[in-house]
Amino acid sequence: MSAKILEGKLLAQVMRAEIAARAESFFKKTGSRPGLAAVLVGDNPASQIYVRNKRIACKQSGLESSLHHLSNQTTQTQLLELVDKLNHEPAVHGILVQLPLPPQIQETAIVRAVSPLKDVDGFGPENLGLLAAGHPRYLPCTPAGIQQLLLRNGINPEGTHVVIVGRSNIVGKPVALILMQKAQGANATVTVCHSQSRDLASVTRQADILIVAIGKAQFLKADMVRAEAVVIDVGTNRLADGRLVGDVDFEAVKEVASAITPVPGGVGPMTITMLLSNTVQAAENQSPF
Ligand SMILES: NC(=O)c1ccc[n+]([C@@H]2O[C@H](COP(=O)([O-])OP(=O)(O)OC[C@H]3O[C@@H](n4cnc5c(N)ncnc54)[C@H](OP(=O)(O)O)[C@@H]3O)[C@@H](O)[C@H]2O)c1
């Protein structure tokens, strides 16, 4: 039987309506709207599209957004000065520095410079540390979106074996931290695999919930998936013919799995939704009311 398709696009619409209601109630209480400052350095076309989509989403949900577009020649000092200014700007509740940055700028230096209260990407050391210690403030957006996709489709990870393929700082590692938390909607047994894992298929076949985030088109095949497993495909890969595909061989795996996310329209729309959610939360956290 073919798997249930976990439609992130539809869920994102539902959640964005909830976020818009929270933003409106913040406006009624404070007279200002939750505000996101987007920082874009250089002319990377993909980054320009990501930032544009994030700003459109802000507008649709009643959040303010500003764009700080700097040239490709920007120095690290100049970018640090901008981040410092935004850290002290009361109308800015969240700061998003779009990665990647040009090679003359150290990404870690910039990520660390963002005020932890405005770090709505949840990538900074304080917010990652709080998550690791079991007291999260802002959850990194893609991993938080994955948890919502599961829970709001009635798939509770508690007690299940979650296998994650990929250990990046923005997806693999934080999604492991989120799902292993001693908390409702988490409490999973988590295994994390990477490029050095031996006999990967024997591990992925043990998963009740399999999360794949490696950036290799259609890498995960049907014989690597246990029957009735839930499969979350984080990958976004552009094929030579222009098609966007995930890290999972969708057509074959959907015949084995009980539920699966499509690409596009699965995890992707949830990432921006959680950024909006974190920005509203940041505004509420910073409000004196
Ligand atoms: N939809 C969204 O909103 C969203 C958000 C973020 C990322 N993405 C997509 O998700 C994918 C992963 O992104 P990322 O930033 O996490 O990637 P990344 O930083 O490149 O990390 C890739 C991870 O996959 C592991 N890996 C690579 N080849 C492997 C293999 N053959 N077997 C097992 N593990 C392997 C790597 O292992 P090592 O650590 O050993 O190198 C690494 O841990 C990309 O396609 C990206 O575009 C989508």
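Note that the structure is predicted; figures quoted are calculated from it, not measured.

> Is there a simple way to think about the sheet that holds strand β7 (residues 209-212) in this case?
Each strand in a sheet pairs with its neighbour through backbone hydrogen bonds, running either in the same direction (parallel) or in the opposite one (antiparallel). Taken in spatial order, the six strands of this open sheet run β1-β11-β8-β7-β5-β6, and their pairing is parallel. Among the strands making up the open sheet, the edge pair consists of β1 (4-5) and β6 (189-193). Relative to β7, strand β5 (residues 161-165) runs parallel, the two being bridged by four bridges. When the sheet's bridge partners are listed, V165 is paired in β7 with V212. The sheet strands contacting helix α7 (residues 172-179) are β5, β6 and β7, and the helix crosses β5 at an angle near 170°.

> I tried to follow the site of the ligand on my own but got confused; where do I start?
By nearness alone, 21 residues border the ligand, and R167, S168, S195, T236 and T271 come closest of all. Contact between the ligand and S195: an oxygen atom at 2.6 Å from a side-chain N or O atom of the residue. About the coverage of the ligand: the protein hides 70% of its 930 Å² of free accessible area. Among the residues forming the shell around the ligand, the class breakdown is eight nonpolar, eleven polar and two charged.

> Explanation requested: helix α10 (residues 267-286) in the structure shown.
Because the α-helix completes a turn every 3.6 residues, residues three or four places apart line up on one side. The end-to-end C-alpha separation of α10 is 29 Å, in line with the 28 Å expected for 20 residues at 1.5 Å each. With 14 of 20 residues buried, α10 is to be regarded as a mostly interior element.

> I tried to follow the nonpolar core on my own but got confused; where do I start?
Counting 47 residues, the largest nonpolar core has I146, I211, V230, I232 and V234 as its most contacted members. Of all the elements, α10 adds the most residues to this core, at eight residues. What I232 contacts, discounting residues up to four positions off in sequence, is L6, I146, L150, L210, I211, V212, T261 and V267. By size, the runner-up hydrophobic cluster in this structure holds 19 residues, among which are L200, V225, V248 and V253.

What counts and what doesn't
- Residues numbered from 1 in each chain as written.
- Predicted model: local features only at pLDDT ≥ 70, side-chain atom pairs only at ≥ 80, totals over all residues.
- Heavy atoms only, no water.
- Pairing = 2+ DSSP bridges.
- Helix = DSSP H or I, 4+ residues; strand = E, 2+ residues; numbered from the N terminus.
- Contact = heavy atoms within 4.5 Å.
- Axes fitted to C-alpha atoms, helices over the stretch in contact; angles between N-to-C directions.
- Near = heavy atom within 4 Å.
- Polar contact = N/O pair within 3.5 Å; in protein donor to acceptor, adjacent residues only side chain to side chain.
- Areas by Shrake-Rupley, 256 points an atom, 1.4 Å probe, with all protein chains shown as cover.
- Nonpolar A, V, L, I, M, F, W, Y, C, P; charged D, E, K, R; others polar.
- Expected span 1.5 Å × (residues − 1).
- Buried < 20%, exposed > 50% of the residue type's maximum accessible area, 1.4 Å probe, protein only.
- Core = buried A, V, L, I, M, F, W, Y, C linked by side-chain atoms within 4.5 Å.

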